[in-house]
Amino acid sequence: MQETAVDSLPDQRVRSWWPDVVLLAGFVLLTFALARGHLLALDVQVADWVSEHRPTPLYWTLRVLNYLGQGGQVLMPVAILLAGLAAWRLRSVRPLLLFAGAFVLTYVTIGPLKIWLDRAAPAFKGPDREILFNPAASGKDAMSYPSGHVANALAWYFVIAVLLGVLLARPLSKRAHLALRVAPPVIVFITTTYLAFHWITDSVAGLLLGLILARLLARVPWNLESRSTPRTASPA
């Protein structure tokens, strides 16, 4: 007599909506405050200070670490590779659906918000570089708010952590889970701000948005279970 061993990954879904409401309210209030001209002086002060305190060795170290938040160049290729391996292991398309869900969710939120809010990066040479809805900025020059690096890091490292759990057929340890879900976004937040790729409020907004996206992904019952090879049951 044979039976199939099924190793079910723990349910990682979130159910409470209150944190999401608080995060969304924080994002909206921050955006409204910036649109009204608040916190802009803080942004300029931070950007000017880091530009004056960035020795070359530190710059290149941070530049490399900043790739931890590159969605299209790093995170998505890693995630699709893990999703493909997980789909092959499970003989199921569900891991690919997780990847597709993260791709769609980030695509329809981060990019459109950047285009609508129309904020230049600190390196912009035109007028009023720090304001939202900047008529002097256009195209890639006006894609600073919110930080896509930070938001992508939070969303995609959630996906990567789930897929690694599938491939290992067991949940990640608390230490590994914390390191993967927290350390890269923190590093990206610091490097993105210190390199003046984004204003500090861009990074804060990306943090709030990324947490919302990660929690939305965690609400979906992806039903990712790892099936081991058949084993012989002990005689009754």
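Nothing here was measured: the structure is a model prediction, and the numbers come from that model.

### Some remarks on the pattern of salt bridges
This structure, assessed with the given rule, holds five salt bridges. Here Asp-20 makes a salt bridge to Arg-215, at a shortest N to O gap of 3.0 Å. Of this pair, Asp-20 sits in helix H1 (residues 18–35) while Arg-215 sits in helix H9 (residues 200–219), placing them 195 residues apart in sequence. Under the relative-accessibility criterion, Asp-20 is labelled buried at 6%. Residue Arg-215 is classed as buried on the basis of its relative accessible area, which comes to 18%. Note that Arg-219 is salt-bridged to Asp-20, the shortest N-O span being 2.7 Å. Taken as a pair, Arg-219 in helix H9 and Asp-20 in helix H1 lie far apart in primary sequence, 199 residues in all. As far as the burial class goes, Arg-219 and Asp-20 line up, both buried. Because the salt bridges share partners, they merge into one network encompassing Asp-20, Arg-215 and Arg-219.

### With respect to the nonpolar core
A general feature of soluble globular proteins is that nonpolar side chains tend to end up buried together. If you look at the biggest cluster of nonpolar residues, it comprises 46 residues, and the most contacted ones within it are Tyr-145, Val-159 and Leu-217. Put simply, the parts of the chain that give this core at least two residues each are H1, helix H4 (71–90), helix H5 (94–107), helix H6 (110–117), helix H7 (148–168), helix H8 (174–194) and H9. With 14 residues, H7 is the single largest residue contributor to this core. Apart from the residues lying within four places of it in its own chain, the contact partners of Leu-217 are Gly-101, Ala-102, Leu-105, Ala-155, Phe-158, Val-159 and Trp-222. One finds Leu-62, Tyr-194, Leu-195 and Ala-196 within the second-largest nonpolar core, a separate group that totals five residues.

### With respect to the packing of aromatic side chains
Under the defined criterion, the tally for this structure stands at six aromatic pairs. Ring geometry for Tyr-59 versus Trp-60: centroids 5.0 Å apart, planes at 85°, classification edge-to-face. Overall, Tyr-59 belongs to the partly exposed group, its relative accessible area being 21%. Here Phe-103 and Tyr-107 contribute two aromatic rings whose centre-to-centre distance is 5.8 Å and whose plane-to-plane angle is 15°, an arrangement assigned as stacked. Of the two residues, Phe-103 and Tyr-107 are both situated in helix H5; the distance of four residues between them amounts to about one turn of the helix. For Phe-103, a relative accessible area of 35% puts it in the partly exposed group. Lying across the ring of Trp-88, Arg-91 places its NZ or CZ 5.0 Å from the centre. Above the face of the Trp-17 ring, Arg-219 is positioned so that its terminal group lies 3.5 Å from the ring centre.

What counts and what doesn't
- Residues numbered from 1 in each chain as written.
- Predicted model: local features only at pLDDT ≥ 70, side-chain atom pairs only at ≥ 80, totals over all residues.
- Heavy atoms only, no water.
- Salt bridge = Lys/Arg side-chain N within 4 Å of Asp/Glu carboxyl O.
- Helix = DSSP H or I, 4+ residues; strand = E, 2+ residues; numbered from the N terminus.
- Buried < 20%, exposed > 50% of the residue type's maximum accessible area, 1.4 Å probe, protein only.
- Core = buried A, V, L, I, M, F, W, Y, C linked by side-chain atoms within 4.5 Å.
- Contact = heavy atoms within 4.5 Å.
- Phe/Tyr/Trp six-rings, centres within 6.5 Å; stacked < 30°, edge-to-face > 60°.
- Lys NZ or Arg CZ within 6 Å of the ring centre and 35° of its normal.

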